[in-house]
Amino acid sequence: MGTQKLLQNQGRWKLWEIPLWLLALASPLLLGSHALIINEIAIVALFALSLDLILGFTGIVSLGHAAFFGMGAYSAALFAKLVMPDPLLGLAFGILTATLLGALCSATILRGTDLTRLMVTMGVGLILMELANKLDWLTGGADGLQGVVMGPLLGQFEFDLYGRTSAWYSLTVLLLVFALARRLVNSPFGATLKAIRDNRLRAMAIGIPVNSRLALIYTVAAAVAGAAGAVMAQTTGFASLDLFEFHRSADVMLILVVGGVGWLYGGITGAIVFKLMQDALSSITPQYWTFWIGLFLVVLVLVGRDRLLRPWRWFKPGQSGSHS
């Protein structure tokens, strides 16, 4: 009973969170000229949240998470083009196909070491990218799936060039998924995931069905990544092979390094920092912005996340801080 109460307390919303989310939802109105970057940040944060569910809370390392992102994007785009342009039905279809793919691929993470999983997950992403390239009659091949026109959201709100509707749509999806993920990780099921992350053999010894738990959370994470991909395709009106690229999986891993793993706000914080840095640095030095992001990551790892904003403490002895 005590454990359940502790989980309930952890799952409760803090006082500072409600105004924070209200401010986030108001940001497309307050920062109208930056609605497009707000939309991008929300999508990347949703994608990072999906990886954190398996990496931060379960200890599954994946370098092929872009497979589900791309699957969700192509499914939503094809649904809009071939079936009907309703955004919410397209989103549901994108989530469904990514969930099915996640359930199918969950078998690949049950055996082997972390290195094996890295290679296998990366291989799944590469296979899907090649399939999307070869099936050019359906996907547009190397040219991408173009001419995706979305209908108005809820039959009223048109997707315009300014990106306000897109930003609100992405932020709302992010908030809903965040609330569900928060409920999940602060439940008895979430507690078993953390037990598996900390010591898989001990978790098996106390009777936790490790394989079924791993398969289930991997499928859930795939569904969330599919939602991020679907929203990306719907708000940009385009789906290309780039969505399956290795750099998508690598970028989202870097975002979690910046924001912190095993902490749901880590993906959101990392996405804000990463996208704003990318936007600012690429406008100053278009060719070398990756160098500066790489340098930032090196400094972050060397001095620690908690001490980064306090330079006078960099050279004092102590461990690098991180969120748990």
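The coordinates are above.
The following paragraphs examine the structure supplied in this document. (Residues numbered from 1 in each chain as written. Predicted model: local features only at pLDDT ≥ 70, side-chain atom pairs only at ≥ 80, totals over all residues. Heavy atoms only, no water.)

Looking at the environment of Leu 175
Part 1 of the reasoning: With respect to the helices and strands, Leu 175 occurs in helix H8 (residues 164–185).
Part 2 of the reasoning: Look at Leu 175 and you get partly exposed, because its relative accessible area is 22%.
Part 3 of the reasoning: The sequence separation of Leu 175 and Leu 46 amounts to 129 residues, and the corresponding C-alpha distance is 9.0 Å.
Part 4 of the reasoning: With residues up to four places along the chain from it excluded, the contact list for Leu 175 reads Trp 13, Trp 21 and Leu 25. (Helix = DSSP H or I, 4+ residues; strand = E, 2+ residues; numbered from the N terminus. Buried < 20%, exposed > 50% of the residue type's maximum accessible area, 1.4 Å probe, protein only. Contact = heavy atoms within 4.5 Å.)

A short note on helix H12 (residues 246–259)
Part 1 of the reasoning: Over its 14 residues, H12 extends 20 Å from the first C-alpha to the last, a length consistent with the 20 Å expected when each residue adds 1.5 Å.
Part 2 of the reasoning: Taken residue by residue, H12 has Arg 248, Ser 249, Ala 250, Val 252, Met 253, Ile 255, Leu 256, Val 258 and Gly 259 as its buried positions.
Part 3 of the reasoning: Here the buried face of H12 lies against helix H3 (35–55), helix H4 (66–83), helix H11 (210–236), helix H13 (264–284) and helix H14 (289–303). (Expected span 1.5 Å × (residues − 1).)

Things to note about the packing of aromatic side chains
Part 1 of the reasoning: Counting across every chain of the model gives 8 aromatic pairs.
Part 2 of the reasoning: Aromatic pair Trp 21 and Tyr 265: ring centres 6.5 Å apart, planes at 40 degrees, arrangement tilted. Residue Trp 21 is found in helix H2 (residues 17–30), and its partner Tyr 265 is found in helix H13; the two are separated by 244 residues along the sequence.
Part 3 of the reasoning: Overall, Trp 21 belongs to the buried group, its relative accessible area being 8%.
Part 4 of the reasoning: When its relative accessible area of 9% is taken as the criterion, Tyr 265 is described as buried.
Part 5 of the reasoning: When the centroid spacing of 4.5 Å and the interplanar angle of 25 degrees are considered together, the rings of Phe 47 and Phe 69 count as stacked. Here Phe 47 is found in helix H3, whereas its partner Phe 69 is found in helix H4, with 22 residues between them in sequence.
Part 6 of the reasoning: Taking relative accessible area as the criterion, Phe 69 reaches 2% and is therefore assigned buried. (Phe/Tyr/Trp six-rings, centres within 6.5 Å; stacked < 30°, edge-to-face > 60°.)

Purely geometric numbers; function is a separate question.
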